Amino acid sequence: MKRHTIVYYLGRSKSLILYDSFYVIGFLLLLFSVILKLQPIASLLTFAIVPLIWHNLVIFHKKQVKKETFILSIKNLLFISVAQTLTVAIGVFLHF
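Source: prediction; values computed, not measured. (Residues numbered from 1 in each chain as written. Predicted model: local features only at pLDDT ≥ 70, side-chain atom pairs only at ≥ 80, totals over all residues. Heavy atoms only, no water.)

Asker: Help me out: how do you make sense of the nonpolar core in this one?
Answerer: The tendency in soluble globular proteins is for nonpolar side chains to be buried as a group. Of all hydrophobic cores here, the largest spans 11 residues; its members are Leu16, Tyr19, Tyr23, Phe27, Leu30, Ile49, Ile53, Leu57, Phe60, Leu72 and Ala83. For this core, the secondary-structure elements that each account for two or more residues are α2 (12-35), α3 (50-62) and α4 (66-94). Sort the elements by how many residues they give to this core and α2 lands first, with 5 residues. Once residues lying within four places of it in the same chain are set aside, the contact partners of leucine 72 are Asn56, Ile59 and Phe60. (Core = buried A, V, L, I, M, F, W, Y, C linked by side-chain atoms within 4.5 Å. Buried < 20%, exposed > 50% of the residue type's maximum accessible area, 1.4 Å probe, protein only. Helix = DSSP H or I, 4+ residues; strand = E, 2+ residues; numbered from the N terminus. Contact = heavy atoms within 4.5 Å.)

Asker: It is not clear to me how the side chain of serine 33 should be interpreted in this structure. Could you clarify?
Answerer: You can see serine 33 is positioned in helix α2. The exposure class of serine 33 is buried, given its relative accessible area of 10%. Reaching out from serine 33, the side chain makes a polar contact with the side chain of glutamine 39 at a distance of 3.0 Å. (Polar contact = N/O pair within 3.5 Å; in protein donor to acceptor, adjacent residues only side chain to side chain.)

Asker: Just to check I follow, could you spell out the packing of α2 against α4 for this structure?
Answerer: Here α2 crosses α4 at 0°, and the two axes come no closer than 13 Å. Put simply, α2 runs roughly parallel to α4. Residues Tyr19, Tyr23, Phe27 and Leu30 of α2 pack against Ser73, Asn76, Ile80 and Gln84 of α4. Across the contact of α2 with α4, the residue classes tally to 5 nonpolar, 3 polar and no charged. (Axes fitted to C-alpha atoms, helices over the stretch in contact; angles between N-to-C directions. Parallel < 35°, antiparallel > 145°, perpendicular 65-115°, else oblique. Nonpolar A, V, L, I, M, F, W, Y, C, P; charged D, E, K, R; others polar.)

Asker: How do you make sense of the environment of valine 92 when you look at a structure like this?
Answerer: Relative to the helices and strands, valine 92 is located in helix α4. Each C-alpha atom of the pair valine 92 and isoleucine 41 lies 9.5 Å from the other, and the pair is 51 residues apart in sequence.

Asker: Honestly, the packing of α3 against α4 in this entry has me stumped. Any pointers?
Answerer: In a packed pair of helices, the relevant descriptors are the angle between the two axes and the axis-to-axis distance. Put simply, α3 and α4 touch, their axes get as near as 10 Å, and they point 165° apart. By the angle between their axes, α3 is roughly antiparallel relative to α4. Between α3 and α4 lies a crossing whose hand is left-handed. Residues Leu52, Ile53, Asn56, Leu57, Ile59 and Phe60 of α3 form the contact with α4, whose own contacting residues are Thr69, Leu72, Lys75, Asn76, Phe79 and Ile80. (Left-handed = near helix turned anticlockwise from the far one by under 90°.)

Asker: Would you explain unusual backbone geometry in this entry?
Answerer: Generally, phi is negative for residues other than glycine and the peptide bonds are trans, each holding for most cases. At lysine 37, a position not held by glycine, the phi torsion is positive, near 60°. Of note, lysine 37 is situated in the loop between α2 and α3.

Asker: When you look at the packing of aromatic side chains in this model, what are you seeing that I'm missing?
Answerer: By convention here, two paired aromatic rings are described through the distance between centres and the angle between planes. This structure, assessed with the given rule, holds 4 aromatic pairs. Summarising the aromatic geometry, the rings of tyrosine 8 and tyrosine 9 are spaced 5.1 Å apart at their centres and angled 90° between planes, so their arrangement reads as edge-to-face. For tyrosine 9, a relative accessible area of 59% translates into the label exposed. Through a chain of ring-to-ring contacts, three or more aromatic side chains come together here, namely Tyr19, Tyr23 and Phe60. (Phe/Tyr/Trp six-rings, centres within 6.5 Å; stacked < 30°, edge-to-face > 60°.)

Written out as structure tokens, the structure is:
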């Protein structure tokens, strides 16, 4: 049985669009969760890392070699996780 990745089925360009879409959807959901008052307003400070995420996405778009660019996905995960955790904590402790 042959195993294929999503890139095999969608193609490279559509897969990159899907990859980027996950980040856009995540940030939009963050915005909506603040609007719906599910998260503190301070959570919006997470948007300060968008330039870092964007920078890594630009590099990833230029070259998709797992050994060289997989780390960018890990860095983005770390940036988002830490930023989200810190901004929610700030919002909870400051009631903001």
